[in-house]
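The lines below spell out each chain.
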Amino acid sequence: MKEKLLIVDAYNMIGNWPHLTKLKMDNRLEDARDELLKELSEYHKYTKTRMIVVFDAMYVPGNAKSFQKYDLEVVWTSKNETADSYIEALAKRKSDRFTQVVVATSDQAEQWTVFAAGALRIPAPEVLEDVKRAKKEVNLEARILADQSQVFRNTPFNQETLLKLAQLRDK
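Everything numeric in this text was worked out from a predicted model, so none of it was measured.

About the cut-offs
- Residues numbered from 1 in each chain as written.
- Predicted model: local features only at pLDDT ≥ 70, side-chain atom pairs only at ≥ 80, totals over all residues.
- Heavy atoms only, no water.
- Helix = DSSP H or I, 4+ residues; strand = E, 2+ residues; numbered from the N terminus.
- Buried < 20%, exposed > 50% of the residue type's maximum accessible area, 1.4 Å probe, protein only.
- Contact = heavy atoms within 4.5 Å.
- Areas by Shrake-Rupley, 256 points an atom, 1.4 Å probe, with all protein chains shown as cover.
- Salt bridge = Lys/Arg side-chain N within 4 Å of Asp/Glu carboxyl O.

## A closer look at the overall build of the protein
Turning to step 1, where the next piece is worked out: Helices and strands together make up the secondary structure of the protein, namely seven helices and six strands.
Turning to step 2, where the next piece is worked out: What you see in the protein, going N to C, is helices and strands ordered as β-α-α-α-β-β-β-α-β-α-β-α-α.
Turning to step 3, where the next piece is worked out: In the protein, which comprises 171 residues, the share counted as buried stands at 35%.
Turning to step 4, where the next piece is worked out: When contacts within the protein are restricted to residue pairs at least 6 apart in sequence, long-range pairs at least 24 apart make up 52% of them.
Turning to step 5, where the next piece is worked out: As displayed, the protein offers around 10800 Å² of accessible surface, 53% of which is attributable to carbon and sulfur atoms.

Structure below.
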């Protein structure tokens, strides 16, 4: 089975996810970036998909760098390199018979370029829906586990007595 690698065009996500766009418009771009990374980190942990999140130097000029944050690989391109060109080259480099590269962007030109390189593409709104769905599933699982543990932790009754009480209640 192929390993899945999701390469995220970070500013494209910020520009297409309403809650992050609002932060950006309120001059809170750093908060929008951090919130994006937190949400993608939770999604990464749920899906167990390897992710590389790419920011370009459009808003933060400086030297190219790569580091780990929230269990994600975060890349800042150099001043004269766009995230699009970096992502296109990375998709070409990483796409092989053992790795299925998926690029998250709503940029049509970038989508076609990475598709030609053998990568799949997913638009920003679809990524947001997947993130929301994963969050709901995690919350549901957590609630079920909490309910189960509460039944067994906060009661002086053993399992047999609880079963008898449940039968009495149902009568």
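Okay, back to it.
## Overview of the pattern of salt bridges
Turning to step 1, where the next piece is worked out: In this structure the tally under the stated criterion is eight salt bridges.
Turning to step 2, where the next piece is worked out: For glutamate 3, the salt bridge is made with arginine 50, and the minimal N-O distance between the two is 3.5 Å. Taken as a pair, glutamate 3 in strand S1 (residues 3-9) and arginine 50 in strand S2 (residues 50-55) lie far apart in primary sequence, 47 residues in all.
Turning to step 3, where the next piece is worked out: Glutamate 3 gets classed as partly exposed once you look at its relative accessible area, which sits at 36%.
Turning to step 4, where the next piece is worked out: Judged by its relative accessible area of 30%, arginine 50 is partly exposed.
Turning to step 5, where the next piece is worked out: Put simply, arginine 133 and aspartate 130 hold a salt bridge, and the shortest N to O gap is 3.9 Å. Pair noted here: arginine 133 and aspartate 130 are both in helix H6 (residues 124-153), with a separation of three residues, about one helical turn.

Keep in mind these numbers describe shape, not what the thing actually does.
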